[in-house]
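Structural characterization, general
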Amino acid sequence: QLHLVESGGGLVQPGGSLRLSCAAVGFTLGYPDYAMAWFRQAPGKEREVISCITSNMSTEYADPVKGRFTMSRDNIKSTVYLQMNSLKPEDSGVYYCAARYTTCSSAIRSWGQGTQVAVSS
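Read on for an overview of the structure.

Conventions adopted
- Residues numbered from 1 in each chain as written.
- Predicted model: local features only at pLDDT ≥ 70, side-chain atom pairs only at ≥ 80, totals over all residues.
- Heavy atoms only, no water.
- Helix = DSSP H or I, 4+ residues; strand = E, 2+ residues; numbered from the N terminus.
- Buried < 20%, exposed > 50% of the residue type's maximum accessible area, 1.4 Å probe, protein only.
- Phe/Tyr/Trp six-rings, centres within 6.5 Å; stacked < 30°, edge-to-face > 60°.
- Lys NZ or Arg CZ within 6 Å of the ring centre and 35° of its normal.
- Pairing = 2+ DSSP bridges.
- Axes fitted to C-alpha atoms, helices over the stretch in contact; angles between N-to-C directions.

1. Looking at unusual backbone geometry
- That bond from tyrosine 101 to threonine 102 is cis: its omega, 5°, falls within 30 degrees of zero.
- With phi around 80°, methionine 57 is a residue other than glycine that occupies positive phi space.
- Looking at the secondary structure, you find methionine 57 in the loop between β5 (48–53) and β6 (59–61).
- Judged by its relative accessible area of 42%, methionine 57 is partly exposed.
- Here the phi dihedral of serine 86 falls at roughly 50°; this positive angle occurs in a residue that is not glycine.

What follows is the structure in structure tokens.
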């Protein structure tokens, strides 16, 4: 079982940048086979998928973040990253990482605990 630990959230001004990390801890031998995804949930809104990266490093992005957010993964460190640039207030919310076995449309096997992002002046 993958245990996902997120970090990197915080307060940032509009137009700023933030880098989120999601580390898989515990038993991680199968980590490279997973697709990893980022979700976010704004207050009063449904949780939405915003990005996914596959085992072969292919990436997908939801339209609201396309061109501004970039996913990457380090299989040696069993860690996935979300580089967020040109942040907008509407990007605020709790960001979650999730592991899917084995594609970006597969069932979610593990969730991270979430890390809060606040974009405000």
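2. Considerations on the packing of aromatic side chains
- If you walk through the whole model with that rule in mind, you get three aromatic pairs.
- Ring geometry for tyrosine 96 versus tryptophan 111: centroids 6.3 Å apart, planes at 85°, classification edge-to-face. Here tryptophan 111 lies in strand β10 (residues 108–111) and tyrosine 96 lies in strand β9 (residues 93–100), a separation of 15 residues in the sequence.
- Looking at tyrosine 96, the relative accessible area reads 13%, which means it is buried.
- An aromatic cluster is defined as three or more aromatic residues linked by ring pairs; in this entry it consists of Phe39, Tyr96 and Trp111.
- It is arginine 19 that lies over the ring of tyrosine 81; its NZ or CZ is 4.0 Å from the centre.
- The cationic tip of arginine 47 hangs over the ring face of tyrosine 96; the distance from NZ or CZ to the ring centre is 3.8 Å.

3. What about the sheet that holds strand β3 (residues 18–26)?
- Read across the sheet, four strands follow the order β1-β3-β8-β7 without closing on themselves; strand pairing throughout is antiparallel. Looking at the sheet topology across the chains shown, the edges are occupied by β1 (2–7) and β7 (69–74). With direction set aside, neighbouring strand axes in the sheet form an average angle of 20°.
- When β7 meets strand β8 (residues 79–84), the two strands line up antiparallel, connected through six bridges. Each bridged residue has a counterpart across the sheet, and for threonine 70 the counterpart in β8 is glutamine 83.

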